[in-house]
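Read off the chains here:
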Amino acid sequence: MLARLHADHRRIALGAARVAMFLLLGKVVGAFKEMAVAYRYGVSDVVDAYQFTLTIANWLPLTLVGAFSVVLIPVLVRSRHQDKGPHQQFLREIQGWALLVGATLGIGLYFIWPLVLDVVGRSLPASVQGMSGLLIMGFAPAALFTIWTGLSAARLRAHERHVNTLLDSVPALVILVWVLLSPAESGVWPLLWGTLVGYALQSLILYGFAQAVDPMCGPPAISRQAVQWSALASAAGIMLVGQLAMSLVGPIDQYTASGLGANANSTLGYAARLLALIIGIGAASVGRAALPVFADIQSRGDAGHARRTALKWSGVMLVGGFAVMLVGWVLAPWGVAFLFERGAFSAQDTASVAHVLRWGLVQLPFYFGVLILVQLLASQNRYWVMAWIAIANFLLKAVMNEILAPSMGVAGIMLATGMMYALSYACYLYVALRPVADVNAMPGTRGGQGKGRE
């Protein structure tokens, strides 16, 4: 059956299969880590502090990685087919800026964290705030490693290599080992040291893989002389606007949950991480495999084929998402109990997390369907359109959190996310169905997006 597919469909399918395999292995490690955390801490103030710090401290580093990866991968795909000299210059410069930005973020996070606790975490109990103040000592340096890891992952994905997906599990593995080997009364310290060492180890290993596939000769450089910057800079700025809007969803959820009472953050965190397990294996595998393929198709000047390929994959993913949602709704209580219900994690905790998880499953069909369309628009350089959709998504999410959370509790936060992704899918599908020339005529778009007209 696979042999009868078009070559580009096979590239996506085979890439997705490799990513899915790596994701499955990584998510198994992540699941064991969550089981260890649940066994040791249950639904408690320690997990509240960890979830709050993880979400807020990772917000800006992950936002930057997400925005720049989307625009950087197509640039690297084109760059690697050009002369070696300019490509090497670009690698040295992008690595230099990544190290500078990461170090600046880490230092800034450490010094600004008391203000973050006063503003965003003011509803948290004093004990949770105190533990978060300790955890930031591990999460602040991790910002540097996150940026470094993101650049290495982009270099690998530009060559359609996906080992970075497997290495995403390294922090979880280190946290798992640290939690299991630490004394019972260690508090937040196993989470702190596991996070710091895990992120550092992941970044070093991934850098080694990136160097093997796409060697960078010479030291990093803080300059912008490479010709590739002209294609990257303006697009990255536009993409960052949309990514910032979408990245605020996590902090807003944490802020909303903080006002819902004790342990709402940890309940939301357990459900969200189970959803991440499903999403990672089911959708992220195809999305990660698709972008370099679409970028390559666009570079060949065959925009119509890229569009048809994306729409077919999106339809398949949408149907698959509905199937996963229905199965997940039935199995949610069993899955939560199987993974978490032991030690400090009680049957009552299982019921609470399963209830929230069920409402979170509403997002799956739309998330599955939209992810492939995001890669299509990114390969077509339609970043302004993507930014406007992201802003609309964020506004809907913020409004629905305020409407649904007071009446539904943490489940309302999850339902608001499902509504946000439904809007996102509708917008992306509408744009993808229109020829690129028509989209370029829309308000807020620019002529530079006409590349690959149909």
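Residue positions are given per chain, counting from 1 as you read along its sequence in written order. The predicted nature of this model means local features are confined to residues of pLDDT at least 70 and side-chain atom pairs, given and counted, to a pLDDT of 80 or more, with totals for whole chains, interfaces and linings taken over all residues. To get the side-chain values, take all heavy atoms of the structure and skip hydrogens and water.

What about the packing of helix H9 (residues 249-258) against helix H15 (residues 410-433)?
Moving on, step 1. Working convention: axes come from line fits to C-alpha atoms, limited for helices to the stretch in contact. Angles between N-to-C directions cover 0 to 180 degrees. Secondary structure is summarised from DSSP: a helix means a run of H or I of at least four residues, a strand means a run of E of at least two, and numbering begins at the N terminus for each. For the pair H9 and H15, interaxial distance at closest approach is 11 Å and the crossing angle is 155 degrees. Here H15 runs roughly antiparallel to H9, going by the angle between their axes. As for how H9 packs across H15, the hand of that crossing is right-handed. On H15, the residues that touch Val249, Asp253, Thr256 and Ala257 of H9 are Ile413, Thr417 and Met420. Angles are sorted into four bins: roughly parallel if under 35 degrees, roughly antiparallel if over 145, roughly perpendicular if 65 to 115, and oblique for all others. We call a crossing left-handed when the near helix sits turned anticlockwise from the far one by less than a right angle, and right-handed when that turn is clockwise. Any two residues whose heavy atoms approach within 4.5 Å at even a single point are treated as in contact.

As for the environment of Leu326
Moving on, step 1. For Leu326, the location among the structural elements is in helix H11 (residues 303-340).
Moving on, step 2. The buried label goes to any residue with under 20% of its type's maximum accessible area, the exposed label to any with over 50%, and the partly exposed label to all in between, with areas taken from a 1.4 Å probe on protein chains only. Classification of Leu326 by relative accessible area gives exposed; the value is 55%.
Moving on, step 3. Separated by 32 residues in sequence, Leu326 and Arg358 have C-alpha atoms that sit 9.5 Å apart.

Things to note about a nonpolar patch on the surface
Moving on, step 1. Here a patch means residues that are over 30% exposed by relative accessible area and free of salt bridges, tied together within 9 Å if like-charged and within 5 Å if nonpolar (Val, Leu, Ile, Met, Phe, Trp, Tyr). Each accessible area value is a Shrake-Rupley result obtained with a 1.4 Å probe; residue values ignore everything except the protein chains displayed when judging cover. Every case where a carboxyl oxygen of Asp or Glu lies within 4 Å of a side-chain nitrogen of Lys or Arg is listed as a salt bridge. A cluster of nonpolar side chains, contributed by Ile107, Tyr110, Phe111, Leu134, Met137, Trp178, Trp189, Trp193 and Val197, occupies part of the molecular surface with about 870 Å² of accessible area.
Moving on, step 2. If you list the elements that add at least two residues to the nonpolar patch, you get helix H3 (84-119), helix H4 (126-158) and helix H7 (189-213).
Moving on, step 3. Residue position: Trp193 is located in helix H7.

Considerations on helix H13 (residues 364-379)
Moving on, step 1. Multiplying 1.5 Å by the helix residue count minus one yields the expected span of that helix. Counted at 1.5 Å a residue, the expected span for H13 with its 16 residues is 22 Å, and the 23 Å between its end C-alpha atoms agrees.
Moving on, step 2. A large share of H13 lies buried, amounting to 15 of its 16 residues.
Moving on, step 3. The positive-phi residue at the C-terminal boundary of H13 is Asn381, with phi of around 65 degrees.

So, the packing of helix H14 (residues 383-408) against H15
Moving on, step 1. Interaxial distance between H14 and H15 falls to 8 Å at its minimum, and their mutual angle equals 155 degrees. Judged by the inter-axis angle, H14 sits roughly antiparallel to H15. The element H14 and its partner H15 pack so that their crossing is right-handed.
Moving on, step 2. Polarity classes work like this: nonpolar for Ala, Val, Leu, Ile, Met, Phe, Trp, Tyr, Cys and Pro, charged for Asp, Glu, Lys and Arg, and polar for all others, with Gly in that last group. Taken together, the residues that form the contact of H14 with H15 break down as 20 nonpolar, five polar and one charged.

What to know about the confidence of the model for the protein chain
For any part of a model where pLDDT is low, the fine detail of the predicted coordinates should not be relied upon.
Moving on, step 1. Scored between 0 and 100, pLDDT is the confidence that the predictor attaches to each residue. Taken residue by residue, the protein chain gives an average pLDDT of 81. The fraction at 70 or more is 83%.
Moving on, step 2. For the stretch residues 438-454, pLDDT sits under 50, and the model shows 37 contacts to residues farther than four places along the chain or on other chains.

Examining helix H2 (residues 45-79)
Moving on, step 1. With 35 residues, H2 should cover 51 Å at 1.5 Å per step; its first-to-last C-alpha distance of 49 Å lies within 8% of that length.
Moving on, step 2. We define the bend at each residue as the angle formed by axes fitted to the 7 residues ending at it and the 7 residues starting at it. Considering bend angle alone, the principal kink of H2 is centred on Trp59 and spans about 50 degrees; proline Pro61 follows within four residues of it.
Moving on, step 3. The element H2 is largely enclosed, with a buried count of 28 among its 35 residues.

Description of the packing of aromatic side chains
Where two aromatic rings form a pair, the distance of their centres and the angle of their planes describe that pair.
Moving on, step 1. Paired rings are identified among Phe, Tyr and Trp, the last through its six-membered ring, by centres lying within 6.5 Å, and are further divided according to the angle between planes into stacked (under 30 degrees), edge-to-face (over 60) and tilted (the rest). All chains considered together, the criterion is met by 12 aromatic pairs.
Moving on, step 2. Ring centres of Phe322 and Phe366 lie 6.1 Å apart, and the angle between their planes is 75 degrees; this geometry places the pair in the edge-to-face category. Note that Phe322 is positioned in helix H11 and Phe366 in helix H13, a separation of 44 residues in sequence.
Moving on, step 3. Grouping aromatic residues by their ring pairs yields a cluster made of Tyr270, Phe340 and Phe345.

Details of the environment of Leu156
Moving on, step 1. As for its placement among the helices and strands, Leu156 is situated in helix H4.
Moving on, step 2. Residue classification places Leu156 among the buried positions, given a relative accessible area of 1%.
Moving on, step 3. Sequence spacing of Leu156 and Phe209 is 53 residues, and the spatial spacing of their C-alpha atoms is 7.8 Å.
Moving on, step 4. Apart from residues lying up to four places away in sequence, Leu156 is in contact with Arg161, Val163, Asn164, Leu206, Phe209, Ala210 and Val213.

Topic: the nonpolar core
Moving on, step 1. To qualify as a nonpolar core, a set must consist of buried Ala, Val, Leu, Ile, Met, Phe, Trp, Tyr and Cys residues joined through side-chain atoms within 4.5 Å. By size, the foremost hydrophobic cluster in this structure holds 117 residues, and its most contacted members are Phe90, Trp113, Leu191, Tyr270 and Met386.
Moving on, step 2. Take this core: its biggest share by element is 18 residues, from H2.
Moving on, step 3. Residue contacts for Met386: discarding those within four places in its chain leaves Val70, Met239, Val374, Leu377, Ala378 and Tyr428.
Moving on, step 4. Ala153, Leu156, Leu206 and Ala210 belong to the second-largest nonpolar core, a separate cluster that totals eight residues.

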